[in-house]
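# A structural walkthrough
The residues making up each chain are set out below.
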Protein chains: 2
Amino acid sequence: MRRLVERVPTSGLRTTAELRLVALPDFPRVMRGDDLAGFTAAALTRAGLALRSDDVLVFAQKVISKAEGRQIDLADVVPSARALDLAQTVQKDPRLVELVLRESRRVVRSAKDILIVEHRLGLTMANAGIDQSNVADPAGGEFALLLPEDPDASAARLRDRLCVLTGCEPGVLISDSFGRPWRVGTVGVAIGCAGFPATLDLRGQADLFGRPLRVTVVGHADEIASAASVLMGQASEGCPVILVRGLALRAPHQPAAALLRPQQQDLFR
Amino acid sequence: MRRLVERVPTSGLRTTAELRLVALPDFPRVMRGDDLAGFTAAALTRAGLALRSDDVLVFAQKVISKAEGRQIDLADVVPSARALDLAQTVQKDPRLVELVLRESRRVVRSAKDILIVEHRLGLTMANAGIDQSNVADPAGGEFALLLPEDPDASAARLRDRLCVLTGCEPGVLISDSFGRPWRVGTVGVAIGCAGFPATLDLRGQADLFGRPLRVTVVGHADEIASAASVLMGQASEGCPVILVRGLALRAPHQPAAALLRPQQQDLFR
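Residues numbered from 1 in each chain as written. Chains lettered and ligands numbered in written order. Predicted model: local features only at pLDDT ≥ 70, side-chain atom pairs only at ≥ 80, totals over all residues.

Moving on to the overall build of chain A. Along the backbone of chain A there are six helices and twelve strands. Looking at the 269 residues of chain A, the share that counts as buried comes to 49%. Long-range contacts, defined as pairs at least 24 residues apart, comprise 59% of the intrachain contacts of chain A with a sequence gap of at least 6. (Helix = DSSP H or I, 4+ residues; strand = E, 2+ residues; numbered from the N terminus. Buried ≥ 20, exposed ≤ 12 C-beta atoms within 10 Å, placed from the backbone. Contact = placed C-beta atoms within 7 Å.)

Structural data, given as structure tokens:
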């Protein structure tokens, strides 16, 4: 694995592994059809950063969805009978519940203020990831923002466009914030990936004493998404793109779909 | 919130939020009774890094458990009838299963190769977090390593000792790797914290358009643990301590126990 040599004392051979995350400054408000790759290249230039092919760029799901026009005017949504029923249970806007149902395979849990579903992409999450915050309209309408149609494909397209603009082939990650069973608080997770491995398979590797490692598969992209989320959170909504520099592993490329556990293999159910 | 000003173009007022993670080099193999704070201070000096009070130091659970003598000789463990039964189901060493049961409040799920429990600390996890990898013995015995007795207290003690040695008051986080429902791969989580907030409560804050934020509580320490885990993974078992620099929020101090969701409030069950 690659290590960055840093501040080497003259007395010996010391190496330091280091990871650096930078929130790209002054990223513009994103609208439907905007060129996110172009915005990103410009923001990198403003920050005095030259993109490298071993960087990973983490994009908040919200800006991807906005650029892809996944904003829905709630005035155009007619709730079904099922949505009206469920909206009473969960005490949410029936039009929002209608969108959640359209985006989902099944309802996992519903109660007052709680609507956990299995999203059509296979993600188990609250409200099908539909966001009502920070989605405004000049005319004051009410909008909801859906997840990208296919976040892995979005990541791949964005990576291709970044390659054209910059000559580099960075990894691209699309992140969202998920609640979790058993634990308090949301954490960043990866819903789309391109150009790097979403999981690391350590099976077959031995530990220091030759015993097979107990933990075998690492949710690599989710850990990177959580790292980026720390910075997105403290950098405010104006910083939806984070550069991650210093990651060691670039292959095999693997989409975020690899992070979805087939239901029959779920250890916790 | 604090932002680091970096590479400011002379033309305007640009700010960049940045997070930096450094794996402390050449951390010694840890044995029972070792002074982890002393090891850490020495490793920081070797790396040419001066500790700051706004840093967080992330320690792999394994080194805390080793220093606290949580290593158990399997030869000394006599499995109960219940452990012998369960060991047949899960196909694991009955002595290990006995230790898992002693460390747990209840078994959440058991099947071949699978033993998910609610740990006495309230953590829902595989094998009660008991590790058999990288625990060796000069005489070649078989050992298991339990979680620290009280990881929040361990973090607080370590922080106090670091304050004495360095004059700084860093945050201290003890991390472990957990599997998760629905998703593939382990991610770093916080099992002990001192000197910084384990969760961030954003309730009451408005988004850009004045609408209350949908996501209200962030699993801050878990996100930091995941970030550190990326680097621990690529830096090998020899780097169990990660320095995290650039975190904005230092208060209120809150232990990792705050990350445990009371069972009756679990949205996903």
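The rest of the description comes next.
All names here are of chain B. Read across the open sheet, the three strands follow the order S4-S5-S6; overall the sheet is antiparallel. Both edges of this open sheet fall to strand S4 (104–111) and strand S6 (124–126), since each of them pairs with a single strand only. Here the average twist between neighbouring strands, direction ignored, is 25 degrees. As paired elements, S4 and strand S5 (residues 114–119) share six bridges and run antiparallel to each other. Bridge assignment links Ser 104 to a residue of S5, and that residue is His 119. (Pairing = 2+ DSSP bridges. Axes fitted to C-alpha atoms, helices over the stretch in contact; angles between N-to-C directions.)

Below, the discussion takes up the nonpolar core. One finds Val58(A), Leu173(A), Ile242(A), Val58(B), Leu173(B) and Ile242(B) to be the most contacted residues of the largest nonpolar core, which totals 149 residues. In contact with Leu173(A), not counting residues within four places along its chain, are Val56(A), Val58(A), Ala155(A), Ala190(A), Gly192(A), Cys193(A), Ala221(A), Ile224(A) and Ala225(A). (Core = buried A, V, L, I, M, F, W, Y, C linked by C-beta atoms within 7 Å.)

The next thing to look at is the confidence of the model for chain A. Residues and elements named next belong to chain A. Confidence in the prediction of chain A, expressed as mean pLDDT, is 86, and 82% of residues score 70 or more. Least confident of the elements in chain A is strand S10 (residues 200–201), whose mean pLDDT is 88; most confident is helix H5 (residues 151–166), at 98. Within the model, pLDDT remains below 50 along residues 1–15, and this stretch shows 21 contacts once partners closer than five positions in the same chain are excluded. Confidence metrics for the complex model read pTM 0.90 and ipTM 0.89. (pLDDT = per-residue confidence, 0-100.)

Bringing the environment of Glu68(B) into the picture now. Residues and elements named next belong to chain B. Within the secondary structure, Glu 68 sits in the loop between helix H2 (61–67) and strand S3 (71–73). For Glu 68, a count of 21 C-beta atoms within 10 Å gives the class buried. Between the C-alpha atom of Glu 68 and that of Glu 149, which follows or precedes it by 81 residues, the distance is 8.6 Å.

Looking now at the environment of Leu231(A). With respect to the helices and strands, Leu231(A) occurs in helix H6 (residues 220–235). We classify Leu231(A) as buried; it has 25 C-beta atoms within 10 Å. In sequence terms Leu231(A) and Ala23(A) are 208 residues apart; their C-alpha atoms lie 6.6 Å from each other. Contacts of Leu231(A), omitting those with residues within four sequence positions, involve Leu21(A), Ala23(A), Ile242(A), Ala17(B) and Leu19(B).

Put simply, side chains in a regular strand alternate between the two faces of the sheet. Residues and elements named next belong to chain B. Burial of strand S12 (residues 241–245) is extensive: four of the five residues sit out of reach of the surface. Here four bridges tie strand S1 (residues 18–23) to S12, and the two strands are oriented antiparallel to one another. Looking across to S12, one finds that Leu 21 is bridged to Val 244. Sheet topology note: the strand S2 (residues 56–60)/S12 ladder contains four bridges and is antiparallel. Counterpart to Val 56 in the pairing with S12 is Val 244.

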